[in-house]
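Residues per chain are reported as follows:
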Amino acid sequence: MIYFDNSATTKPYKEVLDSFLTVSSEYFGNPSSLHGLGGQAEKLLSQAREQVAKLLAVKLSEIYFTSGGTEGNNLAIKGAALLNKNRGRHLITSSVEHPSVRAAMEQLEQEGFEITYLPVDATGRISAADVEKAIRKETILISMMHVNNEVGTVQPIEEVGKIVKNYPTILFHVDAIQSIGKVPFSLTENNIDFCSISGHKFHGLKGTGALYIREGARIAPLFSGGSQERKMRSGTENVAGAVALSKALRMTMEKSAAGTERMKKIQSMLRTGLNRIEGITINTPIENAAPHILNFSLNGLKSEVFIHALEQREIFVSTTSACSSKKKSPSKTLLEMGVPESAAESAVRISLSFDNTEAEAATVIEAIEKTVNQLRKVMN
Ligand SMILES: Cc1ncc(COP(=O)(O)O)c(C=O)c1O
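Residues numbered from 1 in each chain as written. Predicted model: local features only at pLDDT ≥ 70, side-chain atom pairs only at ≥ 80, totals over all residues. Heavy atoms only, no water.

- Per an unreviewed UniProt entry, the chain goes by the name Cysteine desulfurase and belongs to Neobacillus vireti LMG 21834.
- Its UniProt record gives the chain a comment under Sequence similarities (unreviewed entry), which states: "Belongs to the class-V pyridoxal-phosphate-dependent aminotransferase family. NifS/IscS subfamily."
- The UniProt entry for the chain carries the following comment under Cofactor (unreviewed entry): "pyridoxal 5'-phosphate". (UniProt positions renumbered as here; feature names shortened; annotations may be inferred.)

Here it is, written out as structure tokens:
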């Protein structure tokens, strides 16, 4: 089996699963309980927080555990909007965000907030100058993904961070769910107030994640309850999940430098191989692209049929994002980039992990060529 769908989710590392199991079975106490079992769980939670903070080079008090990327994005965006609504009701984002940002923004629109959705260029990138032009005196938040989940474009968060510095009342949220461990960036040097990460995108477990909230930046909590996570996220903590997340992040960061180099090589090999196949157009840009995603169109073929045909060869890839692939609508990102609808409808996404190999890439290129030829024959 060749698994090339790592942007949808990754296979958890064995060590991560082992940690989850050990904590769940041996340290199952509730961290809020006063007895020793509770104390042990609380200690583990605190150690996990310390590890995540250290790996992200931020303070322990700035890490909040969540149930994943969707929750982190909702918490940052709606939490910031709710708390600051009396100061202003305008937010800025891009037109190619993940649905967990897009739909959160749309919900705020229904509540009377105004949202600017910035356009992207043909490479899927927003312009930092456009961000600055969109700023109004009522703007309270700018929210932007670091790496696009459908095509892999890297957004100019450093440039936007510089702009934000000149507007101290505007908060800056970064969705780093696709970039963490793959595209280095600094939380502290880019004036980032909130940043969401998700465990299952880096070999942790589904339903685990963390939100960085810069010391001094505040949000209104979305869950009311027992005041866990320093009142920001009530609900009994997923201690084993947090420990698993910290382990997955540590392992990812340790593998990051070598793993990223390997992915770049494999990505370039795939690009060259696929470019040689007639009728394939690569949609992922060469510049400002993450090393793990390669999106291409199969002009004239249906991506869904292609995905299933490739599956027959035990190769797993995606149409666009895992969330929209079942909706059968063409990729929003590609349409926003100006890719024609027919090409967007035939888009396929390959996404790599540190564990993929050049040998796998060679097999995949050959399989794609054979599958494309087979399907074209059937069509003719
Ligand atoms: C860019 C981006 N943001 C947010 C999410 C949502 O994360 P989760 O699946 O942990 O809710 C994803 C998941 O695909 C993503 O790619």
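The rest of the description comes next.
**Section: the overall build of the chain**
Consideration 1: Within the chain one finds 12 helices and 12 strands.
Consideration 2: In terms of C-alpha radius of gyration, the chain reaches 21 Å, essentially the compact-globule figure of 21 Å for 380 residues.
Consideration 3: For the chain, the spread of C-alpha atoms along the three principal axes comes to 70 × 50 × 35 Å.
Consideration 4: By the burial criterion, 57% of the 380 residues in the chain qualify as buried.
Consideration 5: At a minimum sequence separation of 6, the contacts of the chain that also span at least 24 residues come to 72%.
Consideration 6: The distance from the centre of the 43 positive side-chain charges to the centre of the 41 negative ones in the chain is 2 Å. (Helix = DSSP H or I, 4+ residues; strand = E, 2+ residues; numbered from the N terminus. Rg over C-alpha atoms; globule rule 2.2 N^0.38 Å. Buried < 20%, exposed > 50% of the residue type's maximum accessible area, 1.4 Å probe, protein only. Contact = heavy atoms within 4.5 Å. Lys, Arg positive; Asp, Glu negative; His and termini not counted. Charge placed at Lys NZ, Arg CZ, Asp CG, Glu CD.)

**Structural notes on the packing of aromatic side chains**
Consideration 1: Under the criterion given, the structure shown has 0 aromatic pairs.
Consideration 2: We note Arg102 situated over the ring of Tyr117; from NZ or CZ to the ring centre the distance is 4.1 Å.
Consideration 3: The ring of Tyr64 is capped by Arg230, whose NZ or CZ atom sits 4.1 Å from the centre of that ring. (Phe/Tyr/Trp six-rings, centres within 6.5 Å; stacked < 30°, edge-to-face > 60°. Lys NZ or Arg CZ within 6 Å of the ring centre and 35° of its normal.)

**What about the domain arrangement of the chain?**
How big an interface is tends to be expressed through the accessible area that disappears when the partners come together.
Consideration 1: Domain parsing of the chain yields domain 1 (2-8 + 256-379) and domain 2 (14-251).
Consideration 2: Domain 1 and domain 2 are separated by 28 Å when their C-alpha centres are compared.
Consideration 3: With 28 residues of domain 1 at the contact, the number on the domain 2 side is 26 residues.
Consideration 4: Where domain 1 abuts domain 2, roughly 2,100 Å² becomes buried across the two surfaces, and 53% of that area is made up of carbon and sulfur atoms.
Consideration 5: Summed over the three residues of domain 1 that lose the most area to domain 2, namely Asn288, Thr333 and Met337, the buried surface amounts to 25% of that side.
Consideration 6: Remark: the boundary between domain 1 and domain 2 carries 0 salt bridges.
Consideration 7: One can count 14 residue pairs in polar contact (both at pLDDT 80 or more) joining domain 1 with domain 2.
Consideration 8: When residues of the side of domain 1 that touches domain 2 are traced back to their parent elements, those giving at least two are α7 (239-275), β10 (293-297), α9 (322-325) and α10 (332-336).
Consideration 9: At 4 residues, the largest contribution of residues to the side of domain 1 that touches domain 2 is made by α10.
Consideration 10: Its residues placed into classes, the side of domain 1 that touches domain 2 shows 11 nonpolar, 13 polar and 4 charged. (Domains from an automatic or database assignment. Buried area = accessible area lost by both parts, 1.4 Å probe. Salt bridge = Lys/Arg side-chain N within 4 Å of Asp/Glu carboxyl O. Polar contact = N/O pair within 3.5 Å; in protein donor to acceptor, adjacent residues only side chain to side chain. Nonpolar A, V, L, I, M, F, W, Y, C, P; charged D, E, K, R; others polar.)

**Let's talk about the site of the ligand**
Consideration 1: What surrounds the ligand is a group of 14 residues, the closest being Thr70, Asp175, Gln178, Ser198 and Lys201.
Consideration 2: One nitrogen or oxygen atom from the side chain of His200 is found 2.9 Å from an oxygen atom belonging to the ligand.
Consideration 3: A distance of 2.6 Å separates an oxygen atom of the ligand from a polar atom in the side chain of Lys201.
Consideration 4: Burial of the ligand by the protein amounts to 88% of the accessible area it has alone, namely 390 Å².
Consideration 5: Element by element, the count of residues in the shell around the ligand is highest for helix α3 (residues 69-84), at 3 residues. (Near = heavy atom within 4 Å. Areas by Shrake-Rupley, 256 points an atom, 1.4 Å probe, with all protein chains shown as cover.)

**Some points on the side chain of Ser353**
Consideration 1: With respect to the secondary-structure elements, Ser353 resides in the loop between β12 (347-351) and α12 (358-379).
Consideration 2: Beyond its immediate sequence surroundings of up to four residues, Ser353 is in contact with Asn6, His203 and Met263.

**Considerations on the sheet that holds strand β9 (residues 281-282)**
Consideration 1: Taken in spatial order, the 3 strands line up as β9-β10-β12 in an open sheet, and their pairing is antiparallel. Each edge of the sheet is formed by a strand with only one pairing partner; in this case those strands are β9 and β12.
Consideration 2: Direction of pairing for β10 relative to β12: antiparallel, over a ladder of 5 bridges. Residue Phe296 lies in a different strand from β12, and its bridge partner there is Val348.
Consideration 3: Seen against the sheet, α7 touches β9, β10 and β12 and runs at an angle of roughly 10° to β10. (Pairing = 2+ DSSP bridges. Axes fitted to C-alpha atoms, helices over the stretch in contact; angles between N-to-C directions.)

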